Structure formats: structure tokens, C-alpha cells
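Residue-level listing of the chains:
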Amino acid sequence: MSRRLLPAAAALLAAWSVVAGAQEQVPDEAVPPPAPADVAKPALMVTGAAKGRLLDLAQAGSRLVAVGDHGVILTSEDGKAWQQVPSPVSQMLTRLRFLDEKNGWAVGYDATILHTADGGRTWSLQHRDPEARVLFDVLFLDAQNGLAVGGYGSLYRTADGGKTWERQTNPVTEIAQHFNRILALADGTLFVAGERGMLARSKDAGATWELLKSPYSGSYFGALSPDGKRVLAFGMRGNVYLSEDLSACPVQDPASFDSYAIETLSDPAQIAALGWRKLDSPLQESFFGGSVLPDGRVLLVGTNAVAVRSDAGLQTLEIQKLPASETLNDIQPVAQRLLGVGRRGVQDLGALP
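This one's a predicted model, so the numbers in the text were calculated from it and none came from an experiment. (Residues numbered from 1 in each chain as written. Predicted model: local features only at pLDDT ≥ 70, side-chain atom pairs only at ≥ 80, totals over all residues. Heavy atoms only, no water.)

Draft legend 1. Expanded view of the environment of valine 346. Its location among the elements puts valine 346 in strand β28 (residues 345-351). A relative accessible area of 11% places valine 346 in the buried class. Between the C-alpha atoms of valine 346 and lysine 51, which are 295 residues apart in sequence, the distance is 6.4 Å. The contact partners of valine 346, leaving out residues within four places of it in the chain, are Ala50, Lys51, Leu54, Trp82, Gly340 and Val341. (Helix = DSSP H or I, 4+ residues; strand = E, 2+ residues; numbered from the N terminus. Buried < 20%, exposed > 50% of the residue type's maximum accessible area, 1.4 Å probe, protein only. Contact = heavy atoms within 4.5 Å.)

So, in C-alpha cells, the structure goes:
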């Protein structure tokens, strides 16, 4: 992937447009001047926002919240009726995470970081920089300490609940690969997966990072932990890898990192030597999101609504048919049903597989 392009997950998400009614013509001198680029413009409140392009979906207690294109934020109490709530920005929002049923954060373009303290009903702007890169994920370790990651090695940290965010630089961020997903494991280890085989871990809450050797040369668009111990990293062309013990993964010197020199390994023994096991996928389309089902199995979704389901032991993957045809960015099990978000907004994907 070209370093001048965003990840394919973002490249697939061309902007959706809202058709407004015709307005009465006014003289040019009556039209107010455009707002400066560094002033955030709130999202337009539009009809049918739940059918527009959405990138992430999360639960805040019993409430559901979704975010997407043009700064749109939606909430629902039952997963059926969705209501748009005011958003202080009109930039695309890429990721949404809740620490508890009240406190959540959303991130997106222009290094935007939003916060809610009431379960998604209202949102405030904590950080935005039109000169900065897009953010792709956010993670709070507790009420005060959080991290946000994104394009070209962007890494921000806060120690005051998001009131202030500071850009962090270190040898891993200076590689300037996109950081697409950040996870926290039960033992406190942080894990980042990203562009061109970029894998990293932190054992000190993000103060320092180690670059891991990767068995795959392509981009990882997502990652999840089914049990707080194991890590599943997935992405381009249907590639899925599992680490049983992230602490056993060998590290490499960031100064010698060359994304063009990374090999995609096929020998299981060589992959195992790097601390990973490849799960053979029946599909070659890219995976962008996924979820751990109530019974411990993992379901991954992606391009053209393709989906694969693992067995409980994460040994195999098989195709899961879903009632959708457009790209899905994420899914969420809700009350024995599966909801998804993507190019066609929120979709009810039927009973849990």
C-alpha cells in the first residue's frame, strides 16, 4: 500500500452526500464568509442518517451508539429506532469506545477526539487539529488515562480524562506506518496493529513501545482479544493470525524496519517462531471489523459484507452468510441478534449465528 494513501478501510469509504432542498438565491454580499479552517463545524442534522455511511458501533450500557461520515452520531435504545444527536464536528468519525455506560470517546479526521459523559446523548470536543492526521482508534485504560492512534504513526496520550492530549513520539511512531487498532490485554499489555505488517506492544501503559516481527507483509485493519489473553489480528486479503502469548513474540529494532523487506511467511514453523499461527481463511476479501460472540466464537466482517466465523477454539474459519451485500465495517451482538454498520448504515443482520 502506498504511504500516500490511507488504509483500504478508509479508501473504501468515499464520502456520502446529503441532498438538501433548493434554497432561495441571495446576493453574494449577503452570504457570510466561510468559517476558518481551524474552526470546527457541527454536523448537519439530516433525515435518514441511519442509512448513511457508518464506521463503528458500540454499546453504552443498554444504549447503542454509532458514528460515521460527516461527523454523524446516532443512538438507539433497542437497535431498531435510531436518532441522530448533535455532533460538534462534521469530519468523518472512524472509531467509538466506551469505558463504562456513561463515558465514551469517538475519534476521526483532523485528529478529532470527542467525549460523552452521558452515554452518547451529548458530545463535547476535546481535541482537533486540521493539520494533523486522521485517528483510527481510541482506548481508555481508566477514567484518566487514554491513548488515541492513527495515520502515519500518530499517537496521543492523556492523563486527565481527555482534557488535554499530547502527541507522543518514539522509535516506533517514527516509522510512520498507520496505526489502525489498539487493544489492552488482561495483564496490562497494549497491542497495536497497523499498516504494512506493523505490530507493536507496550508493557508500561503506552510509555514505551516494542516493534514486533510480523509474519505478514500486508496491512492489519483490525484486532481483537477473545479472552483478554490471546490476540487475533486480521486485515488485507482475508489474512487472519492468532497469538496465544503476545509476550513470546520477538521484537526488532525500529531503526532497521523496512516494510518492503517484510516477507509473508507460509511455513507454519516460521510463523510460530514469531509467536503467531495463521488461520486459513476461505475468503480473500479484506476484513475490517469483528466481534466475540457470546459463546466465545469470533465473527469477522469486511468487503462486500463477507464474513467468517471461527470455532470456539479459534482453530478454523468458515464462511458465514449474512443478509447484506455492501461492505461492513463493524458488528455488535445485541440481545441474541447481530447488528452491523457499514456503507448502508445500520443493518439488522438477523439472529446470532
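Draft legend 2. A look at the sheet that holds strand β23 (residues 298-302). Pairing is antiparallel across the open sheet formed by four strands, whose spatial order is β22-β23-β24-β25. Strand pairing shows two members of the sheet lacking a second neighbour, β22 (287-292) and β25 (317-319), which therefore form its edges. Strand-to-strand twist of the sheet, defined as the mean angle between neighbouring strand axes without regard to direction, takes the value 25 degrees. (Pairing = 2+ DSSP bridges. Axes fitted to C-alpha atoms, helices over the stretch in contact; angles between N-to-C directions.)

Draft legend 3. Examining the pairing of strand β6 (residues 104-108) more closely. Most of β6 sits inside the fold, with five of its five residues counted as buried. Residue alternation in β6 divides its side chains into two sets, Gly104, Ala106 and Gly108 and Trp105 and Val107, and both sets are buried. Pairing geometry for strand β5 (residues 93-98) and β6, over five bridges, is antiparallel. When the sheet's bridge partners are listed, leucine 93 is paired in β6 with glycine 108. Adjacent in sequence and paired antiparallel, β5 and β6 are bridged by five residues.

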